[in-house]
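Architecture at a glance
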Amino acid sequence: MDLHIVGAEANAAEREAVDQLLGPPSTGWHGASRDIERDGRSAAGGRRVSGGRDQLLPALHAVQDAMGWVSHGALNYICARLSVPPAEAWGVVTFYHLLATAPRPAAVAHVCDDIACRLHGAESLCADLEARLGHAVHRSPCLGQCDRGSAALITRAGPEPERFVIAPATAGAIVDALSTDARPESTAQPVVDAAAAGDKGARIVRRINVADPCSLDSYRHHGGYAVLNKAIAIGAAAVIAEVSAAKLLGRGGAAFPTGRKWQAVAEAPAQPHYVVCNADESEPGTFKDRVLMEQDPFAVVEAMTICGLATGSAHGFLYVRGEYPEAERAMASAIAQARAAGLLGPSVAASGFAFDIEIRRGGGAYICGEETALFNSIEGKRGEPRSKPPFPAQVGVFGQPTVVNNVETLVNVLDLLDEGGAAWAKTGTAGSSGTRLFCLSGHVAVPGLYEIECGRTLRQAIALAGGLPAGRALQAVLLGGAAGTFVGPDALDMPLSFEGARAANATLGSGVIMVFDDTANLHDTLARIAQFFRDESCGQCVPCRVGTVRQAELLHVRSASSVSSAAPASSASSVSSAALASSAQSVSSAALAESASSVSSAALAESSVLLSELGLAMKDASICGLGQTAASAIESAFANIASLKGSEPS
Amino acid sequence: MSHDDIAFHLPPAPRDIPAAPAGPAPTMVPLTIDGRAVEVPSGATLIDACAALDITVPTLCYLKTLTPVNACRMCVVEVEGARVLAPACSRQVEPGMVVKTRSPRVNLSRKMVLELLGSSVDLSTAPGLAEMMAEYDARPERFHQSLTSAPSVSSAALASESASSASSAALGESASSAALGDSASSASSVALGDSASSASSVALASSASSASLAAGSVSVASVAQPVKVDNDLYVRDYGKCILCYKCVEACGTDAQHTFAIAVAGRGFNAHISTELDVPLPDSACVYCGNCIAVCPTGALMATPEFELRKAGEWRPETQAVTDTICPYCGVGCTLTVHVQDQQIVKVTSPFDNDVTRGNLCVKGRFGFEYVNRT
Ligand SMILES: Cc1cc2nc3c(=O)[nH]c(=O)nc-3n(C[C@H](O)[C@H](O)[C@H](O)COP(=O)(O)O)c2cc1C
Ligand code: SF4
Ligand code: SF4
Ligand code: SF4
Ligand code: FES
Ligand code: FES
């Protein structure tokens with residue numbers, strides 16, 4: 001490859017930020033100043049150099065953290081260091097919403113305006129902040145803090161960059177965070193409850209609010225690392241046998257049998273193998289993996305280590321979403337402590353088996369939670385999903401056999417190995433063994449994380465969270481997040497198991513239970529969900545790239561119409577309208593006049609036909625799960641929720 | 001040379017061209033497509049298998065000389081037992097597959113792909129697109145009708161809509177034409193009066209606060225944009241781009257290895273771009289034009305064709321098309337010369353040519369002015 005790097009050059013601070021990550025440049029061919037003696041008679045290039053491509057996203061983060069944005073000069077310097085063509089690096093930097101390509105204030109607030117927070121006034125919070133702070137405020141999809149009411153991620157660029165979350169967030173706290181250097185003390189302990197976790201009591205959450213998440217000793221004191229020793233003793237094949245016997249299904253949304261996945265990777269002939277822990281948790285309404293990583297990080301480390309042992313992998317990646325600075329810090333500290341104690345490294349616990357973990361930070365892209373998009377993201381490419389087959393167990397990250405599991409899935413492995421797979425599987429139902437973490441949010445008295453035995457009912461789950469606010473009636477429950485399904489009050493007796501959900505034509509997805517009482521404006525929620533998919537589509541395939549846009553437009557029109565008929569002065573339509581304005585087009589006054597004068601319900605009926613045909617095509621013809629599920633919450637809402645039936649697509 | 005031990009000996013000259021070493025015979029994979037049995041070598045794709053049966057599968061982002069990106073989803077087919085449709089251009093055959101290439105699901109998805117593209121991209125210079133639209137009964141204007149003429153809806157109009165939808169069932173079923181006709185007239189008469197005023201007042205309010213759209217009306221997002229003319233050799237009209245990735249592949253690892261362009265942005269904002277969208281002369285582009293050769297929509301177009309089209313003088317039916325050899329260097333690429341009115345107006349190369357696989361360099365593709373001037 002003949003790199004063509006011209007134009008702006010990086011300034012000293014930008015170089016420093018990159019060099020801190022990559023070390024100083026070796027030659028003038030890779031970004032050092034030209035030295036005729038050293039560089040004049042030799043050139044370096046080829047695979048050995050371009051092998052650094054996977055450092056692209058970390059390098060972009062380094063510059064973003066230090067400077068607050070990625071300039072042309074910084075991009076050029078990174079390209080020279082990593083032998084990446086500038087056009088491709090530009091493709092990557094423009095893919096991630098947390099990376100800025102134009103100057104902006106050093107301190108920026110990313111304020112959640114997503115579906116759960118909207119129920120608690122996020123729209124007016126955002127509007128207020130935008131009026132007061134302008135470019136320093138960015139609206140964000142769900143920040144995974146839905147149990148706390150409203151949330152903001154603060155990023156402060158500089159030589160000592162700061163990234164932290166304020167939740168619950170008030171306008172005052174956000175303004176303060178942007179105008180001072182102070183960092184608020186971290187937020188209160190999370191609500192974590194295991195009252196319905198079954199006979200054996202709390203499992204996944206048993207150390208939370210009990211052990212000290214910052215201390216390896218405390219983790220060990222509460223039983224930590226006993227299971228790794230057991231795994232080392234019984235060996236890889238026996239570990240996989242236990243996981244299979246436990247019938248553990250993946251908790252990331254797709255419910256794939258974990259034992260089968262591990263077996264396939266363990267048997268894959270190509271070497272090396274990799275472990276990837278999917279901690280990109282970005283499904284609106286989901287916060288379980290964040291709580292696990294923040295409150296019990298050593299469990300994630302231990303579980304990944306066992307996974308590495310079982311699948312013959314020496315290298316693990318933890319891909320944590322960029323909006324989770326606290327979780328990233330907790331995990332980094334846990335990994336460092338484990339490494340120092342010999343529990344990660346060339347010989348884990350003196351067993352001779354090598355395993356280590358590298359953290360990769362996401363850049364603000366829901367799609368990077370899709371496993372193959374995640375691989376591309378790690379490899380320094382755009383986070384576009386790949387076509388499957390081939391599946392990750394054959395061709396995963398760096399083209400190698402890869403086992404990719406959700407955080408919660410992995411943490412389950414500790415208990416099931418401890419108890420023995422068959423015994424562990426006695427909790428739960430025949431089709432859904434074990435317990436699950438459910439993220440209760442919205443209109444419930446005590447939002448939080450609830451560990452619940454599979455098979456308990458939705459009604460029980462909502463009751464655990466204290467039920468609805470007094471005097472309110474249930475309108476709808478969103479199960480599984482934006483990619484999930486809406487159910488009505490008639491579904492309250494649905495068992496929370498994979499088979500129970502399937503029988504009700506619903507999904508549990510990532511464990512979201514978001515409750516909407518009769519005061520909620522569901523048109524607004526649906527418009528926001530449509531906007532979410534429009535914003536988060538990677539843009540690769542036509543059904544999703546354009547389909548999510550058309551769906552958002554059609555929903556916007558419907559949402560707006562419901563507003564003018566129901567509540568005259570409402571914030572409801574402004575989500576989608578503000579967000580829509582960010583798209584390339586602006587509304588033409590001609591179109592407006594036309595729409596005002598020629599309303600017809602034939603057109604409305606036609607828009608219903610369009611919505612349903614769009615839904616079918618997105619489901620059938622999209623490359624990945626994002627497009628395939630982009631219509632499901634919306635369709636299920638119109639089908640299941642009484643209050644929407646009046647405006648239901650025909 | 002006196003030192004025999006380091007002397008270089010020519011290998012004996014072969015008398016015949018040696019045959020390729022015999023590899024293992026490819027395993028044949030049996031499958032059924034549209035009810036007909038076929039066997040193809042393992043590793044073949046569904047589109048290869050369809051070709052073996054003379055079944056045409058429509059494609060937009062597929063080209064034999066490029067790695068499939070399976071992005072357009074025009075080629076989807078139904079594989080029995082699979083949850084979703086499969087892209088024929090890249091899905092490899094498996095023994096016993098039962099495939100349908102024209103089921104209702106397939107037809108609907110292809111129609112929607114065409115309508116989604118047609119409603120957001122200028123397809124006027126894309127060869128074959130009009131025929132595909134007709135074949136799949138695609139009507140991209142449906143979106144514009146629905147989004148720009150529909151509900152800015154007063155409560156009265158909404159009420160009449162729910163009345164009409166009450167007669168039809170759930171999502172997925174279209175309203176009966178009788179109900180449509182009825183409510184259309186009643187709704188529009190109601191709407192004329194009061195929704196006009198309510199819509200405009202909403203518009204005023206929201207545009208005052210945040211330059212946002214008026215409630216109830218929405219522009220139909222498209223990729224329309226000015227043509228990029230920043231060099232003498234070719235123009236880039238990304239208002240015609242369907243984001244098929246072909247140009248990126250041709251500029252990158254599938255042919256040119258120049259990497260001047262890539263996909264930037266995300267979602268509907270994804271677009272083909274140089275770094276920071278700098279003009280081509282500031283980019284790595286070497287003007288090989290291999291991207292132009294693979295572009296299926298005319299978004300990338302050599303300047304002579306662009307100018308002739310602009311003047312209304314592009315007449316492919318009158319052009320003489322002749323294969324010849326590039327005069328510039330010893331590689332000897334096959335050139336296909338397109339001549340209109342005694343002037344060379346375009347140079348391409350056949351995709352099935354062993355030497356070029358459709359690719360040329362700047363000289364072969366653009367260096368013909370001297371012929372036109374003599
Ligand atoms: C659009 C999309 C987003 C996803 N996001 C996540 C995520 O944030 N976390 C996760 O664990 N899985 C996510 N998944 C599912 C993963 O692709 C994958 O199935 C999962 O990580 C496998 O782990 P498991 O078997 O332990 O569930 C997502 C899938 C899609 C299609
Ligand atoms: S379905 Fe959407 S997110 Fe998935 S590959 Fe296609 S465009 Fe990208
Ligand atoms: S002309 Fe060649 S080098 Fe230039 S963008 Fe096209 S393919 Fe790349
Ligand atoms: S410019 Fe042409 S070849 Fe490139 S992506 Fe767009 S349509 Fe495809
Ligand atoms: S944090 Fe706001 S919706 Fe989840
Ligand atoms: S031709 Fe197969 S997806 Fe485009």
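Residues numbered from 1 in each chain as written. Chains lettered and ligands numbered in written order. Predicted model: local features only at pLDDT ≥ 70, side-chain atom pairs only at ≥ 80, totals over all residues. Heavy atoms only, no water.

Brief notes about the site of ligand 1
Residue and element names in this part refer to chain A. The cut-off we apply is this: Here a residue is near a molecule or strand as soon as one of its heavy atoms is found within 4 Å of it. Identification of polar contacts relies on pairs of N or O atoms within 3.5 Å, with a donor-acceptor requirement for protein atoms, meaning one able to donate a hydrogen and the other able to accept it, and with residues adjacent in sequence counted only if both atoms are side-chain atoms. Computed with the Shrake-Rupley method and a 1.4 Å probe, the accessible areas treat only the protein chains shown as cover for residues. The numbering of helices and of strands both runs from the N terminus, where a helix is a DSSP run of H or I of at least 4 residues and a strand a run of E of at least 2. Residues are grouped as follows: nonpolar covers Ala, Val, Leu, Ile, Met, Phe, Trp, Tyr, Cys and Pro; charged covers Asp, Glu, Lys and Arg; every other residue, Gly included, is treated as polar.
Around ligand 1 sit 19 residues, and of these Gly252, Lys261, Asn405, Asn406 and Thr409 come closest. The contact in question runs from an oxygen atom of ligand 1 to an N or O atom on the backbone of Arg251, over 3.3 Å. For ligand 1, an oxygen atom lies 2.7 Å from a polar atom in the backbone of Gly252. Taken by itself ligand 1 offers 610 Å² of open surface, and the protein chains cover 90% of this. Among the elements of the structure, β9 (402–406) and α28 (625–629) are those that each provide at least two residues to the shell around ligand 1. Considering every element that reaches the shell around ligand 1, the biggest residue donor is β9, with three residues. Here the shell around ligand 1 is composed, by residue class, of four nonpolar, nine polar and six charged.

What about the domain arrangement of chain B?
Residue and element names in this part refer to chain B. Counted only if it meets this: Segmentation into domains, and thus their bounds, comes from an automatic or database assignment. Contacts are residue-level and defined by heavy atoms, with any inter-residue pair within 4.5 Å sufficient. Buried area: the accessible area, evaluated with a 1.4 Å probe, that two parts lose upon being put together, summed over both parts.
With domains assigned, chain B is organised as domain 1 (28–144), domain 2 (155–215) and domain 3 (234–372). Taken over C-alpha atoms, the centre of domain 1 sits 26 Å from the centre of domain 3. Taken together, the contact pairs 19 residues of domain 1 with 19 residues of domain 3. Between domain 1 and domain 3 lies a buried interface of about 1600 Å² when both sides are counted; carbon and sulfur atoms form 62% of it.

What about the pairing of strand β3 (residues 76–79) of chain B?
Residue and element names in this part refer to chain B. Quick reminder of the rule: When a residue's accessible area, from a 1.4 Å probe over protein chains only, is under 20% of the maximum for its type it is buried; when over 50% it is exposed; and in between it is partly exposed. Should DSSP find at least two bridges between two strands, the strands are taken to pair.
Of the two faces of β3, the one lined by Val76 and Glu78 and the one lined by Val77 and Val79 are each fully buried. Summarising the sheet, β3 and strand β4 (residues 86–87) pair through two bridges and their orientation is antiparallel. Paired with Val77 across the bridge in β4 is Ala86.

Description of the sheet that holds strand β8 (residues 356–361) of chain A
All names here are of chain A. We apply this condition: In this description, a line fitted to the C-alpha atoms serves as the axis of each element, helices being fitted only across the stretch in contact, and the angle between N-to-C directions of two axes falls anywhere from 0 to 180 degrees.
Reading across the sheet, the four strands line up as β8-β7-β6-β9 and stay open at both edges, with parallel pairing between neighbours. Strands with a single pairing partner mark the edges of an open sheet, and in this sheet they are β8 and β9. Sheet twist, expressed as the mean angle between neighbouring strand axes with direction ignored, is 20°. Lying on the sheet, helix α18 (residues 407–419) is in contact with β6 (273–279) and β9; it crosses β9 at an angle near 95°.

As for the site of ligand 3
Neighbouring ligand 3 are the residues B:Tyr234, B:Cys251, B:Thr258, B:Ile261, B:Cys285, B:Val286, B:Tyr287, B:Cys288, B:Gly289 and B:Cys291. Split by residue class, the shell around ligand 3 holds eight nonpolar, two polar and no charged.

Here's the deal with the pairing of strand β7 (residues 313–320) of chain A
Residue and element names in this part refer to chain A. Where we set the bar: Handedness rule for crossovers: strands pointing away from the viewer, path from the first strand over the helix to the second running clockwise, crossover right-handed.
In terms of burial, β7 is a largely internal element, six of the eight residues being buried. For β6 and β7, the ladder comprises seven bridges, and the chain directions are parallel. Pairing of Val275 across the sheet is with Gly316, part of β7. Summarising the sheet, β7 and β8 pair through six bridges and their orientation is parallel. Each residue of the ladder has a partner; that of Val320, found in β8, is Arg361. What joins β7 to β8 is helix α16 (residues 325–340), and the crossover it makes is right-handed.

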